[in-house]
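One letter stands for each residue in the lines below.
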Amino acid sequence: MKNLIRLMGLLLVFALAACGGPGIAAEYKEYKEKGSTPIYQNSMELIMMTNQLNAILDNPEQANQYLKTEMLPLLEESKALSEDWQDRLTHEELKELNRLKDQELALLIDYFGKLSEVLELTAEPGEDFEQIIAELSGEISDKQEQLDKITDDYAAKYEELDRKYGTES
């Protein structure tokens with residue numbers, strides 16, 4: 001009788017494990033289509049916007065206005081989408097992936113915020129202009145290093161999950 005109970009318990013564990021696989025694959029597919037793809041599309045738009053920003057950098061006031069009114073709102077939209085998905089995801093692997101994207105977006109918002117400060121200072125340089133610019137440049141460099149690491153971590157995790165769950169229907 002004990003062996004029968006152990007066997008049934010073991011079968012239950014295997015059945016639950018088997019049910020977890022397709023569930024995460026379906027959630028991954030939904031996240032990829034409705035979560036990461038729109039964020040990726042915003043990122044592609046942001047790259048085009050960066051080209052526009054570079055084209056108007058000779059006018060720091062205009063560049064800063066563009067950054068604040070066009071680029072930062074797009075990043076904030078992506079961050080809100082990422083936060084929404086973090087609340088909806090149920091599998092820890094997907095939450096970890098999305099957490100990396102959320103961290104990346106938060107850093108990008110900070111990064112562009114620092115760039116905005118540089119543009120403001122460039123538009124109206126004050127007494128401590130060079131010192132403040134040097135400090136901001138250091139902060140921007142630090143943020144860029146953090147962004148590079150998180151972006152690499154996200155890409156690696158995304159590829160891993162895509163190999164595991166991306167080919168299932």
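Please read all numbers here as calculations on a predicted model, not as lab measurements.

Quick notes on the rules
- Residues numbered from 1 in each chain as written.
- Predicted model: local features only at pLDDT ≥ 70, side-chain atom pairs only at ≥ 80, totals over all residues.
- Heavy atoms only, no water.
- Axes fitted to C-alpha atoms, helices over the stretch in contact; angles between N-to-C directions.
- Helix = DSSP H or I, 4+ residues; strand = E, 2+ residues; numbered from the N terminus.
- Parallel < 35°, antiparallel > 145°, perpendicular 65-115°, else oblique.
- Left-handed = near helix turned anticlockwise from the far one by under 90°.
- Nonpolar A, V, L, I, M, F, W, Y, C, P; charged D, E, K, R; others polar.
- Core = buried A, V, L, I, M, F, W, Y, C linked by side-chain atoms within 4.5 Å.
- Buried < 20%, exposed > 50% of the residue type's maximum accessible area, 1.4 Å probe, protein only.
- Contact = heavy atoms within 4.5 Å.

This part is about the packing of helix α3 (residues 92-123) against helix α4 (residues 129-165). To characterise two packed helices, one gives the angle between the axes of the helices and the distance between these axes. For the pair α3 and α4, the least separation of the axes is 8 Å and the interaxial angle reads 160°. Relative to α4, the element α3 lies roughly antiparallel. In this structure, α3 crosses over α4, and the sense of that crossing is left-handed. Looking at the contact of α3 with α4 residue by residue, the classes come out as 20 nonpolar, 5 polar and 13 charged.

Nonpolar side chains in soluble globular proteins tend to be buried together. Of all hydrophobic cores here, the largest spans 26 residues; its most connected members are L46, M71, L75 and F112. Of all the elements in the fold, those that place two or more residues in this core are α1 (2-55), α2 (60-88), α3 and α4. Among the elements that take part in this core, α3 stands out by supplying 9 residues, more than any other. Discounting chain neighbours no more than four positions away, the residues touching L75 are L46, L105, L108, I109 and F112. With 12 residues, the next largest nonpolar core counts I24, L94, Y154 and Y165 among its residues.

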